[in-house]
Amino acid sequence: MKKIATLTMLLFAVLTTQAQSLIGTWQTSMPVDGGNLPLFITFNADKSLRFEFQIPVNDEDLGFLKFSFLIKGTYTAEGKDLTLYLDKNDAYIDFAEIRWSDTLKAAFAENPELEQTVMDKLKAEMEKQKPKFLSSFDEFDEKEELNIDEVSATTLVLSDDDQAITFTRAK
(Lines give C-alpha, C1' and ligand atoms only; values in the text may rest on other atoms or scores of the structure.)
Protein backbone atom coordinates (compact mmCIF):
# COMPACT_ATOMS: atom_id res chain seq x y z
CA MET A 1 0.00 0.00 0.00
CA LYS A 2 2.90 2.36 0.78
CA LYS A 3 4.33 1.78 -2.70
CA ILE A 4 1.05 2.83 -4.33
CA ALA A 5 0.82 5.95 -2.16
CA THR A 6 4.44 6.86 -2.90
CA LEU A 7 3.98 6.24 -6.62
CA THR A 8 0.81 8.34 -6.64
CA MET A 9 2.59 11.21 -4.88
CA LEU A 10 5.52 11.07 -7.34
CA LEU A 11 3.16 11.00 -10.31
CA PHE A 12 1.24 13.97 -8.92
CA ALA A 13 4.52 15.89 -8.42
CA VAL A 14 5.61 15.21 -12.00
CA LEU A 15 2.24 16.25 -13.44
CA THR A 16 2.18 19.41 -11.34
CA THR A 17 5.70 20.33 -12.48
CA GLN A 18 4.79 19.76 -16.13
CA ALA A 19 1.58 21.78 -15.80
CA GLN A 20 3.54 24.74 -14.49
CA SER A 21 6.23 24.62 -17.13
CA LEU A 22 7.08 27.74 -19.08
CA ILE A 23 8.13 25.60 -22.04
CA GLY A 24 5.71 25.77 -24.94
CA THR A 25 3.94 28.37 -27.03
CA TRP A 26 1.87 31.09 -25.39
CA GLN A 27 -0.54 33.51 -27.08
CA THR A 28 -1.93 36.94 -26.32
CA SER A 29 -3.26 39.90 -28.30
CA MET A 30 -1.18 43.07 -28.54
CA PRO A 31 -2.27 46.53 -29.71
CA VAL A 32 -0.34 47.52 -32.85
CA ASP A 33 -1.19 50.49 -35.10
CA GLY A 34 -4.74 50.87 -33.80
CA GLY A 35 -5.55 47.16 -34.05
CA ASN A 36 -4.83 44.00 -32.16
CA LEU A 37 -2.48 41.36 -33.48
CA PRO A 38 -1.85 37.89 -32.11
CA LEU A 39 1.51 37.59 -30.38
CA PHE A 40 3.02 34.19 -29.73
CA ILE A 41 6.00 33.55 -27.48
CA THR A 42 7.63 30.15 -27.66
CA PHE A 43 9.91 29.07 -24.82
CA ASN A 44 12.05 26.07 -25.76
CA ALA A 45 13.75 23.62 -23.40
CA ASP A 46 17.17 24.72 -24.72
CA LYS A 47 16.47 28.26 -23.37
CA SER A 48 15.87 29.72 -26.84
CA LEU A 49 12.72 31.72 -27.48
CA ARG A 50 10.79 33.16 -30.37
CA PHE A 51 8.41 36.15 -30.56
CA GLU A 52 5.93 35.91 -33.42
CA PHE A 53 3.40 38.51 -34.54
CA GLN A 54 0.89 37.24 -37.08
CA ILE A 55 -0.64 39.71 -39.52
CA PRO A 56 -3.66 38.60 -41.54
CA VAL A 57 -4.28 40.07 -45.00
CA ASN A 58 -7.53 39.40 -46.82
CA ASP A 59 -7.32 40.62 -50.41
CA GLU A 60 -9.82 39.93 -53.17
CA ASP A 61 -7.10 39.48 -55.81
CA LEU A 62 -4.62 37.53 -53.66
CA GLY A 63 -6.83 35.62 -51.26
CA PHE A 64 -6.06 35.18 -47.56
CA LEU A 65 -2.47 35.47 -46.34
CA LYS A 66 -1.09 35.44 -42.84
CA PHE A 67 2.44 36.79 -42.43
CA SER A 68 4.59 36.09 -39.41
CA PHE A 69 7.14 38.58 -38.14
CA LEU A 70 9.56 36.70 -35.93
CA ILE A 71 12.36 37.63 -33.54
CA LYS A 72 14.59 35.03 -31.93
CA GLY A 73 16.32 35.22 -28.60
CA THR A 74 17.08 33.38 -25.39
CA TYR A 75 15.75 33.45 -21.84
CA THR A 76 16.59 32.56 -18.28
CA ALA A 77 14.04 31.75 -15.62
CA GLU A 78 14.87 31.57 -11.92
CA GLY A 79 11.92 31.28 -9.59
CA LYS A 80 9.60 34.19 -10.40
CA ASP A 81 12.29 36.08 -12.36
CA LEU A 82 12.28 35.85 -16.16
CA THR A 83 14.91 37.54 -18.30
CA LEU A 84 14.42 37.75 -22.07
CA TYR A 85 17.29 38.45 -24.44
CA LEU A 86 15.90 39.52 -27.83
CA ASP A 87 18.17 39.56 -30.84
CA LYS A 88 16.58 42.21 -33.09
CA ASN A 89 19.21 41.37 -35.70
CA ASP A 90 17.74 37.86 -35.90
CA ALA A 91 14.31 38.98 -37.10
CA TYR A 92 12.68 37.59 -40.19
CA ILE A 93 9.38 37.31 -42.06
CA ASP A 94 7.62 34.14 -43.09
CA PHE A 95 4.23 33.00 -44.30
CA ALA A 96 2.07 31.42 -41.59
CA GLU A 97 -0.86 30.65 -43.88
CA ILE A 98 -1.68 31.09 -47.56
CA ARG A 99 -5.04 30.55 -49.25
CA TRP A 100 -4.76 31.91 -52.78
CA SER A 101 -7.78 33.36 -54.60
CA ASP A 102 -9.41 31.18 -57.25
CA THR A 103 -8.02 33.50 -59.93
CA LEU A 104 -4.45 33.03 -58.72
CA LYS A 105 -4.91 29.28 -58.32
CA ALA A 106 -5.94 29.11 -61.99
CA ALA A 107 -2.97 31.26 -63.04
CA PHE A 108 -0.58 29.09 -61.02
CA ALA A 109 -2.00 25.95 -62.65
CA GLU A 110 -1.14 27.41 -66.06
CA ASN A 111 2.26 28.74 -64.96
CA PRO A 112 3.64 27.01 -61.82
CA GLU A 113 6.69 29.35 -61.64
CA LEU A 114 4.33 32.30 -61.17
CA GLU A 115 3.51 31.23 -57.62
CA GLN A 116 7.15 31.54 -56.51
CA THR A 117 7.40 34.92 -58.27
CA VAL A 118 4.31 36.20 -56.43
CA MET A 119 5.61 34.87 -53.10
CA ASP A 120 9.00 36.49 -53.68
CA LYS A 121 7.37 39.86 -54.43
CA LEU A 122 5.16 39.63 -51.36
CA LYS A 123 8.11 38.75 -49.17
CA ALA A 124 10.10 41.69 -50.60
CA GLU A 125 7.22 44.03 -49.76
CA MET A 126 7.07 42.64 -46.24
CA GLU A 127 10.83 43.11 -45.86
CA LYS A 128 10.22 46.82 -46.47
CA GLN A 129 7.91 46.74 -43.43
CA LYS A 130 10.54 45.11 -41.23
CA PRO A 131 11.80 48.42 -39.70
CA LYS A 132 8.23 49.33 -38.75
CA PHE A 133 7.76 45.92 -37.18
CA LEU A 134 11.01 46.16 -35.26
CA SER A 135 10.03 49.63 -34.00
CA SER A 136 7.16 47.97 -32.11
CA PHE A 137 9.92 46.39 -30.00
CA ASP A 138 11.66 49.71 -29.30
CA GLU A 139 10.41 49.71 -25.73
CA PHE A 140 12.14 46.35 -25.21
CA ASP A 141 15.77 46.41 -24.28
CA GLU A 142 18.04 43.67 -25.52
CA LYS A 143 17.70 42.35 -21.97
CA GLU A 144 14.15 42.53 -20.64
CA GLU A 145 13.49 41.58 -17.02
CA LEU A 146 9.99 40.40 -16.17
CA ASN A 147 8.15 38.76 -13.30
CA ILE A 148 6.31 35.48 -13.64
CA ASP A 149 3.14 36.28 -11.72
CA GLU A 150 1.40 33.04 -12.66
CA VAL A 151 2.16 29.94 -14.69
CA SER A 152 -0.25 27.03 -14.97
CA ALA A 153 -1.17 24.46 -17.58
CA THR A 154 -3.21 27.08 -19.44
CA THR A 155 -2.22 30.55 -18.23
CA LEU A 156 0.97 32.61 -18.08
CA VAL A 157 0.97 36.09 -16.56
CA LEU A 158 4.10 38.20 -17.02
CA SER A 159 4.61 41.66 -15.60
CA ASP A 160 7.09 44.46 -15.34
CA ASP A 161 6.85 47.60 -13.23
CA ASP A 162 4.06 49.07 -15.39
CA GLN A 163 1.69 46.32 -16.49
CA ALA A 164 0.82 42.64 -16.59
CA ILE A 165 0.15 40.62 -19.74
CA THR A 166 -1.86 37.42 -19.69
CA PHE A 167 -1.08 34.64 -22.17
CA THR A 168 -2.89 31.39 -22.82
CA ARG A 169 -1.13 28.21 -23.83
CA ALA A 170 -1.34 27.78 -27.59
CA LYS A 171 0.50 24.46 -27.90
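Worth saying up front: this structure is predicted, and the values here are computed from it rather than measured.

Conventions adopted
- Residues numbered from 1 in each chain as written.
- Predicted model: local features only at pLDDT ≥ 70, side-chain atom pairs only at ≥ 80, totals over all residues.
- Heavy atoms only, no water.
- Helix = DSSP H or I, 4+ residues; strand = E, 2+ residues; numbered from the N terminus.
- Buried < 20%, exposed > 50% of the residue type's maximum accessible area, 1.4 Å probe, protein only.
- Contact = heavy atoms within 4.5 Å.
- Areas by Shrake-Rupley, 256 points an atom, 1.4 Å probe, with all protein chains shown as cover.
- Expected span 1.5 Å × (residues − 1).
- Arc of directions from axis to C-beta.
- Pairing = 2+ DSSP bridges.
- Axes fitted to C-alpha atoms, helices over the stretch in contact; angles between N-to-C directions.
- Salt bridge = Lys/Arg side-chain N within 4 Å of Asp/Glu carboxyl O.

**Student:** Help me understand the overall build of the chain, please; the structure alone is not making it clear to me.
**Tutor:** When you go through the chain residue by residue, the secondary structure sums to four helices and eight strands. Along the chain, helices (α) and strands (β) appear in the sequence α-β-β-β-β-β-α-α-α-β-β-β when read from the amino end. Across the 171 residues in the chain, those meeting the buried criterion constitute 32%. Across the chain, every contact between residues at least 6 apart in sequence was considered, and the portion connecting residues at least 24 apart equals 51%. As presented, the chain carries roughly 11,000 Å² of accessible surface, and 53% of it is formed by carbon and sulfur atoms.

**Student:** Where do I start with helix α3 (residues 113-128) in this structure?
**Tutor:** In an α-helix there are 3.6 residues to a turn, and that puts residues three or four apart on one side. Counted at 1.5 Å a residue, the expected span for α3 with its 16 residues is 22 Å, and the 23 Å between its end C-alpha atoms agrees. For α3, the set of buried residues is Val118, Met119, Leu122 and Met126. For α3, the arc enclosing every buried residue in end-on projection is 100 degrees, short of the 170-degree limit, so these residues lie on one face. Residues Glu113, Lys121 and Lys128 are exposed on α3 and point more than 90 degrees away from its buried face. Buried positions along α3 lie against β4 (63-78), β5 (81-100), α2 (102-110) and α4 (130-135).

**Student:** Looking at this structure, I do not really get the sheet that holds strand β8 (residues 164-169). What am I missing?
**Tutor:** In a beta sheet, neighbouring strands are held together by backbone hydrogen bonds and run either parallel or antiparallel to one another. Spatially, β1-β2-β3-β4-β5-β6-β7-β8 is the arrangement adopted by the eight strands of the closed barrel, whose pairing is antiparallel. The average angle at which neighbouring strand axes cross in this sheet is 35 degrees, direction not considered. Pairing between strand β7 (residues 155-159) and β8: five bridges, direction antiparallel. Paired with threonine 155 across the bridge in β8 is threonine 168. Set on the sheet, α3 makes contact with β4 and β5; between it and β5 the angle comes to about 145 degrees.

**Student:** Sorry if this is basic, but what is going on with the pattern of salt bridges here?
**Tutor:** Once the charged atoms of two side chains with opposite charge are near each other, the side chains can pair. Tallied over the full model, the rule gives six salt bridges. With its nearest N and O atoms 3.1 Å apart, the salt bridge here joins glutamate 125 to lysine 128. Remark: lysine 128 and glutamate 125 occur in helix α3; sequence separation between them is three residues, near one turn of the helix. Ionic pairing is found between lysine 143 and glutamate 145, a salt bridge with its closest N-O pair at 3.5 Å. Connected via shared salt-bridge partners are Lys66, Glu97 and Arg99.

**Student:** In this structure, what is going on with unusual backbone geometry? I would like to understand it.
**Tutor:** Peptide bonds are trans in most cases, and residues, glycine excluded, mostly fall at negative phi. Of note, lysine 47 is a non-glycine position whose phi angle comes to about 75 degrees, a positive value. Position of lysine 47 among the secondary structure elements: in the loop between β2 (35-43) and β3 (48-59).

**Student:** Explain the environment of proline 56 here, please?
**Tutor:** For proline 56, the position within the fold is in strand β3. In contact with proline 56, other than residues within four places in its own chain, are Leu37, Phe64, Leu65 and Lys66.

**Student:** Where do I start with the pairing of β4 in this structure?
**Tutor:** In regular strands, side chains alternate between the two faces of the sheet. Across 12 bridges, the pairing between β3 and β4 is antiparallel. Bridge assignment links phenylalanine 51 to a residue of β4, and that residue is isoleucine 71. Taking the residues that link successive antiparallel strands as the turn, the β3-β4 hairpin has three residues. Looking at chain direction, β4 and β5 are connected through 16 bridges and run antiparallel. Along β5, the bridge assignment pairs glycine 63 with tryptophan 100. Hairpin connection, β4 to β5: the antiparallel pair is bridged by two residues, and glycine 79 has positive phi, about 60 degrees.

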